[in-house]
Amino acid sequence: MGVERGPDLRATATLRPHRVVVATNGLGPISGAPQMKTIIEPFRIKSVEPIRMTTRAERQRFIREAGYNLFGLRSEDVLIDLLTDSGTGAMSAPQWAAIMRGDESYAGSPSFHRFEAAVKNLMPFRHVIPTHQGRAAEAILFSILGGMGRRIPSNTHFDTTRGNIEASGAIGDDLVIAEARDPALVHPFKGNMDLDRLEAYLAEQGEQVPCVMLTITNNAGGGQPVSLGNIQATAEIAHRHGKLFLIDGCRFAENAWFIKQREPGQGERSIPEIVRDCFSVADGMTMSAKKDAFGNIGGWLAVNDDDLAEQARAHLIRTEGFPTYGGMAGRDLEALAQGLSEIVDEDYLRYRIQTNIYIVERLDALGVPVVKPAGGHAVFVDARGWLPHIDPLAYPGQALAVALYEIGGIRSCEIGTVMFGRQPDGSERPAAMDLVRLAIPRRTYTQSHADYVVEVFGDLAAIKDGLGGYRIAREPKALRHFTCAFEPLEGVSA
Ligand code: F0G
């Protein structure tokens, strides 16, 4: 498949009252766009959590004490927490009400049946197996499908998925389209599987492959969507080669919104219809309900195959819990059942995606290199591109993340050489890209928070050329980015 420029998606409606206007995504008007030009947060706030204000001097001390690792901060010392969109969203009043209805019976709870019906309404799989979060579903799945010598292709595996594949002795391969590797390239479905590569891969090493996966949206690749056509074609190829086709569905509703906006012929269809089409060609899915189910915790594994389900449930009982609660309490199952009916709401999805577009447009205007087009759950900044004077092995992403905290109290996450640089043989290599992810929690922050984030980047622009890099002073053997300690190299402190 050739690398071609996708349509320009930059001209879009914005959240800002007086500047907004064109409800278009470069492919025509946004379907179902509201009559008014301002896209408002489609909720009122009933319960608030105060943000504790801090000074720059305090933050410099906090981050130093945390070994310059953002994961080491206390969350009360963070003003805007964009570390992750996972489990950090606001639940609705109906979700909190549903929590009171939670039935905590060990077996056969009605809360499970409501949860199961809500999942099957969108994802019509025969067996729905609740787990405490997405990685538990992955661990169960790959304890069955993985194993020494096996290979599992995906557009891009998320870290925990890859971790679980590798823990089983198998290898995970990423076959995303080439366009995904150019941060500035605008393409409507930058998360798509490269179908030619998948065909060739299965022809060459099909014997070792138990299943083909797709991550929707492609988190590790910038929260970029996968088209319905690509999902169907991937399923067709997998099935023609006799392989199971599985979806990591964490951000399925955001993905469906992009399909509705960008894929020819999909604009008039409802989000639940599009979601059902995505999953009806799959043989199973893993899910982190901390994303597009509006949960603070939860997940599931769903499959059609009876034998696979039986093995998975046996594993579940050993490691998570009985099959009608898995790793969750009855109240969590209720919150998710309700959350699944809210996440497919178009007013919510329009506002959700527009928030990211809004931030991306403004960072772009400031000259900050960002992954384009805006992704579904996060804004990704190209730190290597913005801080070219910092060598990748001095971690430009970490330098940017620390500076954002010191200047503005924003907590973000390095996705680059700190996360991926350490090689199995102990050597260190620059990652493919040094990105900083600003993940946007669901229904949690408002437009003024977004404006504040942009303002912090504006302040940073004035001093960024003086920022220094970091060295790692102490690191664990695996997954170092969570706990390692850094020391600043030469440079001006933010
Ligand atoms: N798959 C994807 C695509 C994810 O983004 C995540 C989690 C998981 C699986 C694992 O789910 O956390 O419930 O065990 N992503 C979070 C993040 C942690 O910050 O992107 P989990």
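Whatever comes next refers back to the structure up there.
Criteria and cut-off values
Residues numbered from 1 in each chain as written. Predicted model: local features only at pLDDT ≥ 70, side-chain atom pairs only at ≥ 80, totals over all residues. Heavy atoms only, no water. Near = heavy atom within 4 Å. Polar contact = N/O pair within 3.5 Å; in protein donor to acceptor, adjacent residues only side chain to side chain. Areas by Shrake-Rupley, 256 points an atom, 1.4 Å probe, with all protein chains shown as cover. Pairing = 2+ DSSP bridges. Helix = DSSP H or I, 4+ residues; strand = E, 2+ residues; numbered from the N terminus. Axes fitted to C-alpha atoms, helices over the stretch in contact; angles between N-to-C directions. Contact = heavy atoms within 4.5 Å. Core = buried A, V, L, I, M, F, W, Y, C linked by side-chain atoms within 4.5 Å. Buried < 20%, exposed > 50% of the residue type's maximum accessible area, 1.4 Å probe, protein only. Domains from an automatic or database assignment. 1 Å grid on protein atoms, 1.4 Å probe; cavity = no way out; pocket = protein on both sides within 12 Å on 5 of 7 lines; lining within 4 Å. Points joined across faces, edges and corners; volume = space filled by probe spheres on them.

Comments concerning the site of the ligand
Neighbouring the ligand are 17 residues; Thr84, Arg135, Asp248, Ser288 and Lys291 lie closest to it. Arg135 is positioned such that a nitrogen or oxygen atom in its side chain is 2.6 Å from an oxygen atom of the ligand. Between an oxygen atom of the ligand and a side-chain N or O atom of Asn219, the distance comes to 2.8 Å. Relative to its free-state accessible area of 470 Å², the ligand is covered by the protein chains to the extent of 94%.

A few points about the sheet that holds strand β5 (residues 211-215)
With mixed pairing, 5 strands are arranged side by side in an open sheet as β2-β8-β7-β6-β5. At either margin of the open sheet sits one strand with a lone partner, and together these are β2 (127-131) and β5. Recorded for the sheet is a direction-independent mean angle of 15° between the axes of neighbouring strands. For β2 and strand β8 (residues 299-303), the ladder comprises 5 bridges, and the chain directions are antiparallel. When the sheet's bridge partners are listed, His127 is paired in β8 with Val303. Across the face of the sheet, helix α7 (residues 228-240) comes into contact with β5 and β6 (244-248) while running at roughly 145° to β6. Across the sheet, helix α10 (residues 306-319) touches β2, β6 and β8, and the angle it forms with β2 is around 20°.

Quick look at the nonpolar core
Phe252, Phe279, Trp300, Leu363, Leu400 and Phe457 are the most contacted members of the largest nonpolar core, which totals 110 residues. Considering every element that reaches this core, the biggest residue donor is helix α12 (residues 346-365), with 9 residues. There are two domains that each give this core at least three residues, and those are domain 1 (56-85 + 377-488) and domain 2 (93-342). Beyond its immediate chain neighbours, meaning those up to four positions away, Leu363 contacts Val368, Val370, Val379, Val381, Leu438, Val454 and Phe457. The next biggest cluster of nonpolar side chains, apart from the first, holds 19 residues, and it includes Ile140, Leu145, Leu308 and Ala309.

Observations concerning empty space enclosed by the protein
Tallied over the entire structure, the rule returns 4 cavities of 30 Å³ or more. Roughly 100 Å³ of volume is contained in the largest cavity. If you trace the largest cavity, you find 15 residues lining it, with Thr355, Ile440, Tyr445, Thr446 and Ala450 closest to the centre. Contributing elements (two or more residues each) for the lining of the largest cavity: α12 and α16 (447-463).

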